[in-house]
Amino acid sequence: MYYKPDWEQAKERISAWWDGEIIDRAVVALHAPRRGSDMPPFPNLTNGPWLGGLEGVDPDDTETIKRWWCDPELNKQRMITWFENNWWGAEALPVTYVNWGAMALCGMYGSELGWHNTSVWYSKVIEDWATWEWKDDPRDSFTYRTIDAIMDALVDGAEGRYFVGKPELGNGADCISLMRGMERLAFDLYNEPDAVVRGVDVVSDAWIELMEEAYQRTTGINDGGDVLAWMGIWAPGRTDQIACDFSSIISPDMFRQFFIPEVQKMGRWCDNGVYHLDGPDCMARDLDILLEQEDSKVIQFTPGVGFPPTSTPEYLPRLKRILDSGRGLYLLTEPDEVQPLLEYLGPKGVFMRVYLDTQDEAEQMLKDVTRWSAAGNVFGGVEAPRSQR
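What you see is a predicted model; the values in this text were computed from it and never measured. (Residues numbered from 1 in each chain as written. Predicted model: local features only at pLDDT ≥ 70, side-chain atom pairs only at ≥ 80, totals over all residues. Heavy atoms only, no water.)

Participant: How should the overall build of the protein chain be read in this particular structure?
Facilitator: The helix and strand tally for the protein chain stands at 13 helices and 13 strands. Over its C-alpha atoms the protein chain spans a radius of gyration of 21 Å, differing by no more than 12% from the 21 Å that the globule rule assigns to 389 residues. C-alpha atoms of the protein chain, sized along the principal axes, occupy 70 × 45 × 35 Å. Restricting to contacts in the protein chain with at least 6 residues of sequence separation, those with at least 24 account for 74%. Total accessible area on the protein chain is roughly 16,500 Å²; 48% of this is exposed by carbon and sulfur atoms. One way to put it: in the protein chain the 36 positive side-chain charges average out to a point 5 Å from where the 64 negative ones average out. (Helix = DSSP H or I, 4+ residues; strand = E, 2+ residues; numbered from the N terminus. Rg over C-alpha atoms; globule rule 2.2 N^0.38 Å. Contact = heavy atoms within 4.5 Å. Areas by Shrake-Rupley, 256 points an atom, 1.4 Å probe, with all protein chains shown as cover. Lys, Arg positive; Asp, Glu negative; His and termini not counted. Charge placed at Lys NZ, Arg CZ, Asp CG, Glu CD.)

Participant: I keep staring at the nonpolar core and nothing clicks. Help me out?
Facilitator: Soluble, globular proteins show a tendency: their nonpolar side chains are buried together. Core analysis: the largest hydrophobic core is formed by 128 residues, its most contacted members being Trp100, Leu105, Trp134, Phe255, Phe259 and Leu319. The element that contributes the greatest number of residues to this core is helix H8 (residues 193-218), accounting for 10 residues. With near-sequence residues (within four places) excluded, Leu319 lies in contact with Met283, Phe301, Thr310, Leu329, Leu331 and Leu345. (Core = buried A, V, L, I, M, F, W, Y, C linked by side-chain atoms within 4.5 Å. Buried < 20%, exposed > 50% of the residue type's maximum accessible area, 1.4 Å probe, protein only.)

Participant: Just to check I follow, could you spell out the sheet that holds strand E1 (residues 27-33) for this structure?
Facilitator: By way of backbone hydrogen bonds, the strands of a sheet pair with one another, either parallel or antiparallel. Reading across the sheet, the 7 strands line up as E2-E1-E13-E12-E11-E10-E9 and stay open at both edges, with mixed pairing between neighbours. One side of each edge strand has no neighbouring strand; the edge strands of this open sheet are strand E2 (86-90) and strand E9 (241-243). Strand-to-strand, the axes of this sheet are offset by a mean angle of 25°, without reference to chain direction. In this structure, strand E11 (residues 296-302) lies alongside strand E12 (residues 328-333), joined through 4 bridges in parallel fashion. The residue bridging Val298 from the neighbouring strand is Gly328, located in E12. Seen against the sheet, helix H10 (residues 280-292) touches strand E10 (273-278) and E11 and runs at an angle of roughly 145° to E10. (Pairing = 2+ DSSP bridges. Axes fitted to C-alpha atoms, helices over the stretch in contact; angles between N-to-C directions.)

Participant: Would you mind showing me how to read the packing of aromatic side chains here?
Facilitator: Two numbers describe a pair of aromatic rings. These are the distance of the centres and the angle of the planes. A complete count under the given rule lists 19 aromatic pairs for this structure. Ring geometry for Phe301 and Tyr315: centres 5.1 Å apart, planes at 70°, overall edge-to-face. Here Phe301 is found in strand E11, whereas its partner Tyr315 is found in the loop between E11 and helix H11 (316-324), with 14 residues between them in sequence. Taking the ring centre of Phe142 as reference, the NZ or CZ of Lys66 above it sits at 4.9 Å. (Phe/Tyr/Trp six-rings, centres within 6.5 Å; stacked < 30°, edge-to-face > 60°. Lys NZ or Arg CZ within 6 Å of the ring centre and 35° of its normal.)

Participant: Sorry if this is basic, but what is going on with the pairing of E11 here?
Facilitator: Each regular strand carries side chains that alternate between the two faces of the sheet. In terms of burial, E11 is a largely internal element, 6 of the 7 residues being buried. In this sheet, E11 lies alongside E10 in parallel orientation, the contact comprising 6 bridges. Its bridge partner being in E11, Val274 is matched across the sheet by Val298. Handedness of the β-α-β unit built from E10, H10 and E11 comes out right-handed. This β-α-β element, E11 to H11 to E12, shows right-handed connectivity. (Right-handed = clockwise from strand over helix to strand, strands pointing away.)

Participant: Where do I start with the side chain of Arg180 in this structure?
Facilitator: In this structure, Arg180 sits in helix H6 (residues 172-180). In this structure the side chain of Arg180 is engaged in a polar contact, spanning 2.7 Å, whose partner is the side chain of Asp188. In this structure, Arg180 is in contact with Lys124, Ile126, Glu127, Asp128, Trp129, Leu185 and Asp188, ignoring residues within four places of it in sequence. (Polar contact = N/O pair within 3.5 Å; in protein donor to acceptor, adjacent residues only side chain to side chain.)

Function-wise, these values are silent; they only describe arrangement.
This is the structure we're talking about:
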């Protein structure tokens, strides 16, 4: 692969991780500016798309901002710039996709789009369930047509050079929480339960249909597999994020009653599903329920804005529970968190994504991860390679 010459070695480690095995160290995606690049470090793309070019645009210049988000060739040019200036260390992958605020199905079902320097926002449109009608085909929308055109541009010329992920569409619960409003949706669980159930079914059915189309469109580019783009994960088969961030404001019983059916539906579509566990509140309240589900092979945890970082001691026992359940664990970490996390969790089943300031630092991190992984005979009975003893 042009931007990832060591793809076959990375693929071997990622495949072993999906199988619950380990080759010689934890799986890590290490990002840094390529040696010789004159560009500053790229932001952590787990927070959204690279916003290069928008930082200097007047927030009131909506025409320029909208073109930045919508023009297919501008989208492709930005990603090529990123590919050429980033060092893709260890299991880091050159992968691009369309991320319009992670909830594009809102726009496909009628929300007005708000174009901003940092994201795309969706308006509330469901004022009264009695008069609301779900459109027959979400493809009949500006949002779908524009994202489709961007996908055409990204796919063109990608094979053998970089991966292309499926667009971020959202999920039923979280899309409806934007279209209706979180507080009103919470009350609807009591006052309009049938409307909520039907809405989640409509949106999640559309998600599966559009995800399947995108998978068929990209699997040949993606080495016969799939990629969960914002996490930078390749999988041998269908993969995507399964989520319900709305669960953070409702009880576990309500989560189980109204939204676990969608979690299960999305999980059945995925051959290798990843549940996105957003924040310590969700982890504390929902983890027991999630560990009952069989369709998520991996749980990804992120503390979220305003909460202590991933390596905080209060999180560690629950992170260990995820690994002990036989699932993989995906973590977004700062460089100084990698060693303490490996010391507590061990390397087996762990996938960490780390952004560093220079390629030298990233290359040293790879050496350190190899050494930390081998320390203390933490391979679960597998002897560490001779070169690492």
